[in-house]
Amino acid sequence: MELSKRQEEIIEIVKANAPITGEHIAEKLHLARATLRPDLAILTMAGFLDARPRVGYFFTGKTGSELLTEKIKQFKVYEYQSIPIVVKESVSVYEAISTMFLEDVGTLFVVDDKSHLCGVLSRKDLLRATIGQKDLNQIPVHIIMTRMPNITICRKEDLLIDVAKILIEKQIDGVPVVKDTQDGFEVIGRVTKTTITKAFVELTMDKR
Ligand code: ADP
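What counts and how
Residues numbered from 1 in each chain as written. Predicted model: local features only at pLDDT ≥ 70, side-chain atom pairs only at ≥ 80, totals over all residues. Heavy atoms only, no water. Near = heavy atom within 4 Å. Polar contact = N/O pair within 3.5 Å; in protein donor to acceptor, adjacent residues only side chain to side chain. Areas by Shrake-Rupley, 256 points an atom, 1.4 Å probe, with all protein chains shown as cover. Helix = DSSP H or I, 4+ residues; strand = E, 2+ residues; numbered from the N terminus. Nonpolar A, V, L, I, M, F, W, Y, C, P; charged D, E, K, R; others polar. Buried < 20%, exposed > 50% of the residue type's maximum accessible area, 1.4 Å probe, protein only. Lys, Arg positive; Asp, Glu negative; His and termini not counted. Salt bridge = Lys/Arg side-chain N within 4 Å of Asp/Glu carboxyl O. Contact = heavy atoms within 4.5 Å.

Draft legend 1. Quick look at the site of the ligand. Near the ligand there are 15 residues, and of these Ser 122, Asp 125, Thr 146, Thr 152 and Asp 173 occur at the shortest range. Contact distances for the ligand include 2.8 Å between a nitrogen atom and a backbone N or O atom of Thr 152. For the ligand, whose free accessible area comes to 540 Å², the fraction covered by protein is 84%. Within the residue set of the shell around the ligand, elements represented by two or more residues are strand 5 (117–122), helix 7 (123–130) and strand 7 (174–181). Split by residue class, the shell around the ligand holds five nonpolar, six polar and four charged.

Draft legend 2. Structural context of the side chain of Arg 190. Locating Arg 190 in the fold gives a position in strand 8 (residues 184–192). The side chain of Arg 190 sits in the buried core without any salt bridge; Glu 103 is the nearest counter-charge, 7.6 Å away. Among the polar contacts listed, one links the side chain of Arg 190 to the backbone oxygen of Ile 83, at a separation of 2.7 Å. For Arg 190, the contacting residues outside a window of four places in its chain are Gln 81, Ser 82, Ile 83, Pro 84, Val 105, Phe 109, Val 175, Pro 176, Val 177 and Thr 195.

Draft legend 3. Spotlight on the pattern of salt bridges. Taken as a whole, this structure holds twelve salt bridges when the rule is applied. Among the ionic pairs, Arg 52 bridges to Asp 50, the shortest N-O distance being 3.9 Å. The class of Arg 52 is partly exposed, set by a relative accessible area of 42%. Measuring nitrogen to oxygen at the nearest pair gives 3.1 Å for the salt bridge that ties Lys 193 to Asp 173. Here Lys 193, found in helix 9 (residues 193–204), pairs with Asp 173, found in the loop between helix 8 (160–170) and strand 7; they are 20 residues apart in sequence, far enough to count as distant.

Draft legend 4. Fine view of the environment of Leu 136. Topologically, Leu 136 is positioned in the loop between helix 7 and strand 6 (146–147). Under the relative-accessibility criterion, Leu 136 is labelled buried at 17%. As a C-alpha pair, Leu 136 and Ile 168 span 32 residues in sequence and 31 Å in three-dimensional space. Leaving out residues up to four positions away in the same chain, Leu 136 has contacts with Ser 92, Val 93, Tyr 94, Ile 97, Ala 129 and Thr 130.

Draft legend 5. Geometry of unusual backbone geometry. Here the bond from Ala 18 into Pro 19 is cis, since omega is -5°, no more than 30 degrees from zero. Inspection of the secondary structure assignment puts Pro 19 in the loop between helix 1 (5–17) and helix 2 (22–29). Going from Met 148 to Pro 149, the amide bond is cis rather than trans, its omega being 5°. Position of Pro 149 among the secondary structure elements: in the loop between strand 6 and helix 8. One non-glycine residue, His 30, adopts positive backbone phi at about 55°. Considering the arrangement of structural elements, one finds His 30 in the loop between helix 2 and helix 3 (33–45). What makes His 30 exposed here is its relative accessible area of 73%. Phi at Arg 54 takes a positive value of approximately 65°, unusual for a residue other than glycine. For Arg 54, the location among the structural elements is in the loop between strand 1 (49–52) and strand 2 (56–59). The exposure class assigned to Arg 54 is exposed, which follows from its relative accessible area of 85%.

Here is the structure:
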């Protein structure tokens, strides 16, 4: 986050005089205590300052980039996951390609009769299946998909940064967010490279 000139000044005052009360910071800046209240609240919430009741303000010693890193490490999958697009394992490659275009996604998740996750279809899986094939309506996707138990999954409480590392490590574009059921995984969301890009951009907009 970008600090205002006054916020920078407050940090310098606290660094040199800690512990120091809000009253005393205001005096040093020749301002009213009430005028400073929003700045002190922002600096405390952002983690630059620590406020101890009846003692005063301390400087936490954390730099902007350390605080940013801490913030990123707290992002949870459920805050960013998007809607998953699923197809049944009996649908044809032709139908899966149509679904991918209509839904505007790069990865489809495949489910069985009980709606449990059983496969993943990427763009290249479908492209590969089209090479040399005459009738794409005749090939069911379960023949060409990457199947369980080789599917990398995540859960909604997982940290987004851990999923980002998995995407890089496994060289895949996305993972399904699943809920554990008695006899399989229910697909409840998806995290893709786009999800990570969105989280990255959001950081610069100070929404959080
Ligand atoms: P593309 O092949 O279109 O570049 P990916 O890099 O996501 O897309 O896929 C590469 C391969 O990994 C494909 O064969 C795909 O089926 C498989 N794959 C994609 N996502 C997963 C996943 N979450 N778990 C396991 N395999 C996956």
